[in-house]
Amino acid sequence: MALYIGVMSGTSLDGLDIALIEHAVAIKLIATHYIPMPESLRAELLGLCASGPDEIARSAIAQQNWVKLAAQGINTLLADQQLKPDDVRAIGSHGQTIRHEPARGFTVQIGNPALLSELTGITVVSDFRSRDVAAGGQGAPLVPAFHEALFEERSGNRAVLNVGGFSNLSLIETGKPVSGFDCGPGNVLLDAWIHQQRGETFDRDGLWAASGNVEPVLLKALLSDPFFLTKGPKSTGREVFNLQWLTQHLARLPAFAAQDVQATLLELTALTIVESLQAAQADTQELLVCGGGAHNATLMARLASLLPNAKVSSTAAYGVDPDWVEAMAFAWLAHCCLENIPANRPSVTGARGLRVLGAIYPA
(Lines give C-alpha, C1' and ligand atoms only; values in the text may rest on other atoms or scores of the structure.)
Protein backbone atom coordinates (compact mmCIF):
# COMPACT_ATOMS: atom_id res chain seq x y z
CA MET A 1 0.00 0.00 0.00
CA ALA A 2 1.30 3.47 -0.88
CA LEU A 3 -0.02 7.00 -0.63
CA TYR A 4 0.10 9.44 -3.53
CA ILE A 5 -1.07 13.02 -3.98
CA GLY A 6 -2.50 14.34 -7.24
CA VAL A 7 -2.63 18.03 -8.12
CA MET A 8 -4.85 19.18 -10.96
CA SER A 9 -5.37 22.67 -12.32
CA GLY A 10 -7.61 22.55 -15.37
CA THR A 11 -8.55 24.81 -18.24
CA SER A 12 -11.37 26.35 -16.21
CA LEU A 13 -8.68 27.99 -14.01
CA ASP A 14 -11.05 28.10 -11.05
CA GLY A 15 -8.64 26.55 -8.57
CA LEU A 16 -6.37 23.66 -7.62
CA ASP A 17 -7.77 20.22 -6.81
CA ILE A 18 -5.55 18.19 -4.48
CA ALA A 19 -6.38 14.53 -3.84
CA LEU A 20 -4.71 11.99 -1.55
CA ILE A 21 -5.16 8.41 -2.71
CA GLU A 22 -4.19 5.01 -1.42
CA HIS A 23 -2.99 2.58 -4.06
CA ALA A 24 -3.09 -1.07 -3.11
CA VAL A 25 -5.31 -3.71 -4.72
CA ALA A 26 -7.81 -0.94 -5.44
CA ILE A 27 -7.56 2.84 -5.77
CA LYS A 28 -9.08 4.64 -2.79
CA LEU A 29 -9.64 8.36 -2.27
CA ILE A 30 -8.50 9.23 1.25
CA ALA A 31 -8.76 13.02 1.48
CA THR A 32 -9.07 16.16 -0.62
CA HIS A 33 -8.28 19.84 -0.48
CA TYR A 34 -9.34 22.67 -2.79
CA ILE A 35 -7.74 26.09 -3.19
CA PRO A 36 -9.52 28.79 -5.23
CA MET A 37 -7.33 30.41 -7.85
CA PRO A 38 -6.48 34.02 -6.93
CA GLU A 39 -7.91 36.31 -9.57
CA SER A 40 -4.54 37.90 -10.36
CA LEU A 41 -2.94 34.50 -10.98
CA ARG A 42 -5.94 33.32 -12.98
CA ALA A 43 -5.71 36.41 -15.20
CA GLU A 44 -1.98 35.90 -15.77
CA LEU A 45 -2.34 32.19 -16.58
CA LEU A 46 -5.18 32.96 -18.97
CA GLY A 47 -3.06 35.66 -20.60
CA LEU A 48 -0.22 33.18 -21.12
CA CYS A 49 -2.53 30.98 -23.22
CA ALA A 50 -2.00 33.47 -26.07
CA SER A 51 1.08 35.24 -27.40
CA GLY A 52 2.10 38.36 -25.54
CA PRO A 53 5.08 40.45 -24.38
CA ASP A 54 7.84 39.02 -22.15
CA GLU A 55 6.24 35.57 -22.09
CA ILE A 56 9.28 33.69 -20.79
CA ALA A 57 9.72 35.81 -17.66
CA ARG A 58 5.97 36.05 -17.08
CA SER A 59 5.52 32.28 -17.29
CA ALA A 60 8.47 31.70 -14.95
CA ILE A 61 6.98 34.00 -12.33
CA ALA A 62 3.45 32.65 -12.81
CA GLN A 63 4.55 29.07 -12.29
CA GLN A 64 6.39 30.01 -9.08
CA ASN A 65 3.15 31.51 -7.77
CA TRP A 66 1.19 28.44 -8.93
CA VAL A 67 3.62 26.12 -7.14
CA LYS A 68 3.53 28.13 -3.91
CA LEU A 69 -0.26 27.83 -3.95
CA ALA A 70 -0.07 24.07 -4.61
CA ALA A 71 2.53 23.56 -1.88
CA GLN A 72 0.37 25.48 0.58
CA GLY A 73 -2.57 23.21 -0.20
CA ILE A 74 -0.50 20.02 -0.02
CA ASN A 75 1.03 20.97 3.31
CA THR A 76 -2.41 21.82 4.70
CA LEU A 77 -3.73 18.44 3.53
CA LEU A 78 -0.81 16.63 5.18
CA ALA A 79 -1.37 18.49 8.45
CA ASP A 80 -5.10 17.74 8.38
CA GLN A 81 -4.36 14.03 7.88
CA GLN A 82 -1.52 14.02 10.43
CA LEU A 83 0.91 12.82 7.78
CA LYS A 84 4.59 13.57 7.24
CA PRO A 85 6.15 14.14 3.79
CA ASP A 86 7.87 10.75 4.09
CA ASP A 87 4.45 9.08 4.34
CA VAL A 88 3.66 10.05 0.73
CA ARG A 89 5.50 8.23 -2.03
CA ALA A 90 5.02 10.95 -4.67
CA ILE A 91 3.02 13.91 -5.90
CA GLY A 92 1.63 13.69 -9.42
CA SER A 93 1.41 17.28 -10.63
CA HIS A 94 -0.28 18.09 -13.92
CA GLY A 95 0.77 21.72 -13.78
CA GLN A 96 -1.15 24.32 -15.74
CA THR A 97 -1.50 23.95 -19.50
CA ILE A 98 -0.78 27.21 -21.27
CA ARG A 99 -0.31 25.84 -24.80
CA HIS A 100 -1.37 22.57 -26.37
CA GLU A 101 -0.50 22.17 -30.05
CA PRO A 102 0.32 18.51 -30.74
CA ALA A 103 -0.03 19.10 -34.49
CA ARG A 104 3.06 21.28 -34.18
CA GLY A 105 4.76 18.77 -31.90
CA PHE A 106 4.48 20.44 -28.52
CA THR A 107 2.42 20.84 -25.38
CA VAL A 108 3.37 23.17 -22.51
CA GLN A 109 2.40 22.77 -18.87
CA ILE A 110 4.04 25.10 -16.34
CA GLY A 111 4.37 24.11 -12.70
CA ASN A 112 8.07 24.07 -11.66
CA PRO A 113 8.17 20.54 -10.18
CA ALA A 114 11.64 21.11 -8.70
CA LEU A 115 10.27 23.94 -6.57
CA LEU A 116 7.21 21.90 -5.62
CA SER A 117 9.45 19.09 -4.36
CA GLU A 118 11.58 21.60 -2.46
CA LEU A 119 8.57 23.19 -0.75
CA THR A 120 6.89 19.92 0.20
CA GLY A 121 9.78 17.50 0.77
CA ILE A 122 8.05 14.94 -1.48
CA THR A 123 9.13 13.40 -4.79
CA VAL A 124 7.24 15.02 -7.66
CA VAL A 125 6.30 13.42 -10.98
CA SER A 126 5.22 15.86 -13.69
CA ASP A 127 5.33 16.58 -17.43
CA PHE A 128 3.03 13.66 -18.26
CA ARG A 129 2.06 14.73 -21.77
CA SER A 130 5.40 15.32 -23.48
CA ARG A 131 6.46 11.70 -23.95
CA ASP A 132 3.21 10.80 -25.70
CA VAL A 133 3.55 13.83 -28.00
CA ALA A 134 7.16 12.83 -28.73
CA ALA A 135 5.81 9.43 -29.81
CA GLY A 136 3.46 11.09 -32.30
CA GLY A 137 0.45 11.24 -29.98
CA GLN A 138 -1.90 14.01 -28.97
CA GLY A 139 -0.69 13.98 -25.36
CA ALA A 140 -4.35 14.14 -24.35
CA PRO A 141 -6.64 13.04 -22.97
CA LEU A 142 -4.59 11.11 -20.42
CA VAL A 143 -7.39 10.09 -18.05
CA PRO A 144 -8.94 7.22 -20.10
CA ALA A 145 -6.36 4.75 -18.75
CA PHE A 146 -7.32 5.77 -15.22
CA HIS A 147 -11.03 5.54 -16.04
CA GLU A 148 -10.35 2.04 -17.30
CA ALA A 149 -8.58 1.14 -14.06
CA LEU A 150 -11.53 2.47 -12.02
CA PHE A 151 -14.43 1.07 -14.01
CA GLU A 152 -13.22 -1.87 -16.13
CA GLU A 153 -14.75 -4.46 -13.80
CA ARG A 154 -18.27 -3.34 -14.72
CA SER A 155 -20.07 -5.16 -17.50
CA GLY A 156 -21.49 -3.70 -20.70
CA ASN A 157 -20.39 -0.81 -22.89
CA ARG A 158 -19.71 2.24 -20.77
CA ALA A 159 -18.38 5.70 -21.39
CA VAL A 160 -16.84 8.07 -18.87
CA LEU A 161 -17.31 11.74 -19.70
CA ASN A 162 -15.18 14.43 -18.13
CA VAL A 163 -16.61 17.93 -18.51
CA GLY A 164 -14.13 20.53 -17.38
CA GLY A 165 -13.12 23.48 -19.52
CA PHE A 166 -13.21 20.97 -22.36
CA SER A 167 -15.04 17.67 -22.62
CA ASN A 168 -13.45 14.31 -23.23
CA LEU A 169 -14.73 10.75 -23.45
CA SER A 170 -13.31 7.40 -22.38
CA LEU A 171 -14.96 4.41 -24.07
CA ILE A 172 -14.75 1.20 -22.08
CA GLU A 173 -15.91 -2.01 -23.73
CA THR A 174 -15.40 -5.50 -22.37
CA GLY A 175 -12.54 -7.23 -24.17
CA LYS A 176 -11.34 -4.12 -26.02
CA PRO A 177 -8.64 -1.56 -25.25
CA VAL A 178 -9.99 1.68 -23.87
CA SER A 179 -10.39 4.45 -26.43
CA GLY A 180 -11.19 8.12 -26.08
CA PHE A 181 -10.77 11.66 -27.34
CA ASP A 182 -11.67 15.29 -26.74
CA CYS A 183 -15.17 16.21 -27.90
CA GLY A 184 -14.80 19.99 -27.86
CA PRO A 185 -15.73 22.81 -25.46
CA GLY A 186 -17.09 21.77 -22.10
CA ASN A 187 -17.49 24.75 -19.79
CA VAL A 188 -14.89 27.03 -21.37
CA LEU A 189 -17.26 29.03 -23.60
CA LEU A 190 -20.13 28.91 -21.09
CA ASP A 191 -17.86 30.35 -18.40
CA ALA A 192 -16.32 32.97 -20.69
CA TRP A 193 -19.69 34.21 -21.97
CA ILE A 194 -21.37 34.51 -18.57
CA HIS A 195 -18.29 36.24 -17.19
CA GLN A 196 -18.33 38.78 -20.02
CA GLN A 197 -22.07 39.37 -19.86
CA ARG A 198 -22.83 39.10 -16.14
CA GLY A 199 -19.51 39.14 -14.31
CA GLU A 200 -20.06 35.62 -12.94
CA THR A 201 -17.43 32.91 -13.13
CA PHE A 202 -19.83 30.08 -14.09
CA ASP A 203 -23.49 29.35 -14.79
CA ARG A 204 -24.65 27.61 -11.61
CA ASP A 205 -26.80 24.57 -12.48
CA GLY A 206 -27.02 25.95 -16.03
CA LEU A 207 -29.91 28.15 -14.91
CA TRP A 208 -29.02 31.07 -17.17
CA ALA A 209 -28.72 28.75 -20.16
CA ALA A 210 -32.08 27.22 -19.21
CA SER A 211 -33.68 30.68 -19.31
CA GLY A 212 -32.75 31.12 -22.99
CA ASN A 213 -33.59 29.48 -26.29
CA VAL A 214 -31.22 27.71 -28.66
CA GLU A 215 -30.53 29.78 -31.79
CA PRO A 216 -30.30 27.31 -34.72
CA VAL A 217 -28.38 29.70 -37.00
CA LEU A 218 -25.74 30.32 -34.36
CA LEU A 219 -25.53 26.63 -33.47
CA LYS A 220 -25.00 25.68 -37.11
CA ALA A 221 -22.23 28.25 -37.45
CA LEU A 222 -20.44 27.00 -34.33
CA LEU A 223 -20.74 23.37 -35.41
CA SER A 224 -19.05 24.19 -38.72
CA ASP A 225 -15.65 24.38 -37.03
CA PRO A 226 -13.29 21.83 -38.63
CA PHE A 227 -12.53 20.24 -35.24
CA PHE A 228 -16.04 18.80 -35.07
CA LEU A 229 -15.66 17.17 -38.47
CA THR A 230 -12.67 15.05 -37.43
CA LYS A 231 -12.62 11.76 -35.57
CA GLY A 232 -10.29 10.70 -32.77
CA PRO A 233 -7.55 10.55 -31.78
CA LYS A 234 -7.94 14.28 -31.29
CA SER A 235 -7.51 16.90 -28.58
CA THR A 236 -8.13 20.60 -28.33
CA GLY A 237 -7.76 23.60 -26.05
CA ARG A 238 -8.02 27.36 -25.68
CA GLU A 239 -5.90 27.77 -28.81
CA VAL A 240 -9.01 26.79 -30.80
CA PHE A 241 -12.06 27.51 -28.64
CA ASN A 242 -12.10 30.79 -26.75
CA LEU A 243 -14.14 33.96 -26.37
CA GLN A 244 -12.58 35.49 -29.48
CA TRP A 245 -13.67 32.44 -31.51
CA LEU A 246 -17.23 32.94 -30.27
CA THR A 247 -17.32 36.69 -30.86
CA GLN A 248 -16.03 36.25 -34.41
CA HIS A 249 -19.00 33.99 -35.14
CA LEU A 250 -21.42 36.39 -33.43
CA ALA A 251 -20.08 39.31 -35.48
CA ARG A 252 -21.21 37.61 -38.71
CA LEU A 253 -24.78 36.99 -37.52
CA PRO A 254 -27.77 39.01 -36.32
CA ALA A 255 -27.76 40.06 -32.68
CA PHE A 256 -29.02 37.48 -30.18
CA ALA A 257 -30.17 37.84 -26.59
CA ALA A 258 -27.31 37.04 -24.22
CA GLN A 259 -29.21 34.20 -22.53
CA ASP A 260 -29.96 32.68 -25.94
CA VAL A 261 -26.24 32.62 -26.73
CA GLN A 262 -25.70 30.81 -23.41
CA ALA A 263 -28.44 28.30 -24.23
CA THR A 264 -26.83 27.70 -27.63
CA LEU A 265 -23.40 27.19 -26.08
CA LEU A 266 -24.81 24.58 -23.71
CA GLU A 267 -26.45 22.84 -26.66
CA LEU A 268 -23.10 22.93 -28.48
CA THR A 269 -21.44 21.18 -25.54
CA ALA A 270 -24.20 18.56 -25.25
CA LEU A 271 -24.50 17.85 -28.98
CA THR A 272 -20.78 17.51 -29.65
CA ILE A 273 -20.49 15.07 -26.74
CA VAL A 274 -23.43 12.95 -27.85
CA GLU A 275 -22.59 12.96 -31.55
CA SER A 276 -18.99 11.98 -30.78
CA LEU A 277 -20.16 9.20 -28.47
CA GLN A 278 -22.71 7.80 -30.90
CA ALA A 279 -20.21 7.81 -33.76
CA ALA A 280 -17.60 5.94 -31.71
CA GLN A 281 -19.76 3.67 -29.52
CA ALA A 282 -23.33 3.58 -30.74
CA ASP A 283 -24.54 1.02 -28.20
CA THR A 284 -23.41 2.82 -25.04
CA GLN A 285 -25.43 1.56 -22.10
CA GLU A 286 -24.14 3.91 -19.44
CA LEU A 287 -22.55 7.36 -19.39
CA LEU A 288 -20.73 8.31 -16.20
CA VAL A 289 -20.01 12.03 -15.87
CA CYS A 290 -17.27 13.69 -13.83
CA GLY A 291 -15.76 17.16 -13.64
CA GLY A 292 -17.58 20.41 -12.99
CA GLY A 293 -20.13 19.67 -15.69
CA ALA A 294 -21.56 16.88 -13.54
CA HIS A 295 -23.07 19.62 -11.35
CA ASN A 296 -24.73 21.43 -14.26
CA ALA A 297 -28.28 20.12 -13.93
CA THR A 298 -29.35 21.62 -17.26
CA LEU A 299 -26.47 19.95 -19.11
CA MET A 300 -27.04 16.62 -17.38
CA ALA A 301 -30.73 16.70 -18.28
CA ARG A 302 -29.91 17.53 -21.89
CA LEU A 303 -27.44 14.65 -22.14
CA ALA A 304 -30.06 12.27 -20.74
CA SER A 305 -32.60 13.57 -23.27
CA LEU A 306 -30.21 13.07 -26.18
CA LEU A 307 -29.28 9.57 -24.95
CA PRO A 308 -32.66 7.95 -24.13
CA ASN A 309 -31.25 4.43 -24.33
CA ALA A 310 -28.36 5.02 -21.93
CA LYS A 311 -28.23 5.61 -18.21
CA VAL A 312 -26.67 9.02 -17.57
CA SER A 313 -25.35 9.63 -14.07
CA SER A 314 -22.49 11.14 -12.11
CA THR A 315 -19.52 8.92 -11.20
CA ALA A 316 -20.80 9.38 -7.64
CA ALA A 317 -23.22 6.55 -8.47
CA TYR A 318 -20.20 4.24 -8.17
CA GLY A 319 -18.70 5.92 -5.13
CA VAL A 320 -16.26 8.15 -7.02
CA ASP A 321 -16.72 11.86 -6.32
CA PRO A 322 -16.93 13.60 -9.73
CA ASP A 323 -15.00 16.62 -8.47
CA TRP A 324 -11.85 14.64 -7.71
CA VAL A 325 -11.49 12.15 -10.57
CA GLU A 326 -8.86 14.12 -12.48
CA ALA A 327 -6.74 14.90 -9.41
CA MET A 328 -6.92 11.19 -8.51
CA ALA A 329 -5.83 10.37 -12.05
CA PHE A 330 -2.60 12.33 -11.76
CA ALA A 331 -1.82 10.69 -8.41
CA TRP A 332 -2.28 7.35 -10.18
CA LEU A 333 -0.12 8.48 -13.10
CA ALA A 334 2.68 9.22 -10.61
CA HIS A 335 2.37 5.64 -9.35
CA CYS A 336 2.59 4.31 -12.92
CA CYS A 337 5.70 6.35 -13.65
CA LEU A 338 7.54 5.18 -10.53
CA GLU A 339 6.57 1.57 -11.25
CA ASN A 340 7.64 1.88 -14.92
CA ILE A 341 4.08 1.14 -16.09
CA PRO A 342 3.03 2.61 -19.47
CA ALA A 343 0.07 4.91 -18.86
CA ASN A 344 -0.75 6.34 -22.27
CA ARG A 345 -3.12 4.50 -24.59
CA PRO A 346 -2.28 4.63 -28.32
CA SER A 347 -5.96 3.91 -29.05
CA VAL A 348 -6.70 7.25 -27.35
CA THR A 349 -3.83 9.54 -28.30
CA GLY A 350 -2.58 8.02 -31.55
CA ALA A 351 0.95 7.55 -30.22
CA ARG A 352 3.19 4.98 -31.89
CA GLY A 353 3.06 2.73 -28.83
CA LEU A 354 2.80 2.46 -25.07
CA ARG A 355 5.04 4.83 -23.14
CA VAL A 356 5.90 5.47 -19.50
CA LEU A 357 4.79 9.03 -18.82
CA GLY A 358 6.29 11.65 -16.55
CA ALA A 359 9.56 13.14 -15.33
CA ILE A 360 10.71 12.45 -11.76
CA TYR A 361 12.03 15.09 -9.35
CA PRO A 362 13.25 13.23 -6.23
CA ALA A 363 12.74 14.75 -2.81
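Analysis parameters
- Residues numbered from 1 in each chain as written.
- Predicted model: local features only at pLDDT ≥ 70, side-chain atom pairs only at ≥ 80, totals over all residues.
- Heavy atoms only, no water.
- UniProt positions renumbered as here; feature names shortened; annotations may be inferred.
- Buried < 20%, exposed > 50% of the residue type's maximum accessible area, 1.4 Å probe, protein only.
- Helix = DSSP H or I, 4+ residues; strand = E, 2+ residues; numbered from the N terminus.
- Arc of directions from axis to C-beta.
- Contact = heavy atoms within 4.5 Å.
- Polar contact = N/O pair within 3.5 Å; in protein donor to acceptor, adjacent residues only side chain to side chain.
- Pairing = 2+ DSSP bridges.
- Axes fitted to C-alpha atoms, helices over the stretch in contact; angles between N-to-C directions.

An unreviewed UniProt entry lists the protein under the name Anhydro-N-acetylmuramic acid kinase, from Pseudomonas brassicacearum. According to the UniProt record, the Catalytic activity (unreviewed entry) comment for the protein reads "1,6-anhydro-N-acetyl-beta-muramate + ATP + H2O = N-acetyl-D-muramate 6-phosphate + ADP + H(+)". According to the UniProt record, the Sequence similarities (unreviewed entry) comment for the protein reads "Belongs to the anhydro-N-acetylmuramic acid kinase family."

1. Quick notes on helix α9 (residues 243–251)
Buried residues of α9: W245, L246, H249 and L250, and no others. An end-on view of α9 places all buried positions within 135 degrees of arc, on one side of the element. In α9, the exposed positions angled more than 90 degrees off the buried face are occupied by Q244 and A251. In this fold, the buried residues of α9 make contact with α6 (188–198), α8 (216–223) and α10 (258–280). Near the N-terminus of α9, the side chain that reaches the backbone nitrogen of Q244, with its oxygen 3.2 Å away, is that of N242.

2. A few points about the pairing of strand β4 (residues 90–93)
Here β4 shows two buried faces, one formed by A90 and G92 and the other by I91 and S93. Sheet analysis places strand β1 (residues 2–8) next to β4, joined by four bridges and oriented parallel. Its bridge partner being in β4, I5 is matched across the sheet by I91. For β4 and strand β7 (residues 124–126), the ladder comprises two bridges, and the chain directions are parallel.

3. Quick word on the environment of P141
With respect to the secondary-structure elements, P141 resides in the loop between α4 (130–134) and α5 (144–151). For P141, a relative accessible area of 7% translates into the label buried. In this view, P141 contacts N168, F181, D182, K234, V348 and T349; residues no more than four positions away in its chain are not counted.

4. With respect to the sheet that holds strand β11 (residues 286–290)
One open sheet accounts for five strands, arranged β10-β9-β8-β11-β12; its pairing is mixed. Looking at which strands have only one partner, the edges of the open sheet turn out to be β10 (179–185) and β12 (311–314). With direction set aside, neighbouring strand axes in the sheet form an average angle of 20 degrees. Of the pairings in the sheet, the one linking strand β8 (residues 158–163) to strand β9 (residues 166–172) comprises six bridges and is antiparallel in character. The residue of β9 that forms the bridge with R158 is I172. α5 contacts β8, β9 and β11 of the sheet and is inclined by roughly 45 degrees relative to β9.

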